[in-house]
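In case you want the letters, here they are:
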Amino acid sequence: MKEVHQTYAIKAPLEQVWQALIDPETIKKWSGESAKMSDQPGEAFDLWSGSISGINKTVQPMTMLTQAWRDNDWAPDHFSEVVFSLSAAGGVTTVKLDQTGVPEENSDDIADGWMRYYLGEIKGLLEKS
């Protein structure tokens, strides 16, 4: 199994970045598709019409979100762990992404996907607001 580690500096308030991670309406703005998401531990989520799904494990508002996360192309019982850690200073919110348990054959696509379709899209949406 592989790991993905990325850091994003987003010129937006912490509250807006947090909303972009947990609010279905904001997620729809950056993803272009409906989403099921919650800020409650134990709640299931679904992104891109079920292409990505999982369960919120730990929720520390505005600080950390830990999820059991899976791509629908993976084996049905395989989940990776995704941790979003947030901090803010000087009008910039830093999001640190750590994902473990990524199947080796998917690691490059997953790493690219975070940049192109997920955190990169959040950055683009919030910095042009």
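Residues numbered from 1 in each chain as written. Predicted model: local features only at pLDDT ≥ 70, side-chain atom pairs only at ≥ 80, totals over all residues. Heavy atoms only, no water.

A closer look at the layout of surface pockets
Part 1: The volume enclosed by the largest pocket comes to roughly 310 Å³.
Part 2: Secondary-structure elements contributing two or more residues to the lining of the largest pocket are strand E4 (64-71) and helix H3 (107-128).
Part 3: A per-element tally of the lining of the largest pocket places H3 first, with 7 residues.
Part 4: Residues belonging to the lining of the largest pocket are distributed by class as follows: 8 nonpolar, 3 polar and 4 charged. (1 Å grid on protein atoms, 1.4 Å probe; cavity = no way out; pocket = protein on both sides within 12 Å on 5 of 7 lines; lining within 4 Å. Points joined across faces, edges and corners; volume = space filled by probe spheres on them. Helix = DSSP H or I, 4+ residues; strand = E, 2+ residues; numbered from the N terminus. Nonpolar A, V, L, I, M, F, W, Y, C, P; charged D, E, K, R; others polar.)

Observations regarding the sheet that holds strand E5 (residues 80-89)
Part 1: Across the sheet, 6 strands lie side by side as E1-E6-E5-E4-E3-E2; this open sheet has antiparallel pairing. Pairing within the sheet leaves two strands with one partner each, and these edge strands are strand E1 (2-10) and strand E2 (44-47). Averaged over all adjacent pairs, the angle separating strand axes in this sheet is 25°, with direction ignored.
Part 2: Sheet topology note: the strand E3 (residues 52-60)/E4 ladder contains 8 bridges and is antiparallel. Bridging across to E4, Gln60 finds its partner in Met64.
Part 3: This element, H3, spans E1, E2, E4, E5 and strand E6 (92-102) of the sheet and lies at about 15° to E1. (Pairing = 2+ DSSP bridges. Axes fitted to C-alpha atoms, helices over the stretch in contact; angles between N-to-C directions. Contact = heavy atoms within 4.5 Å.)

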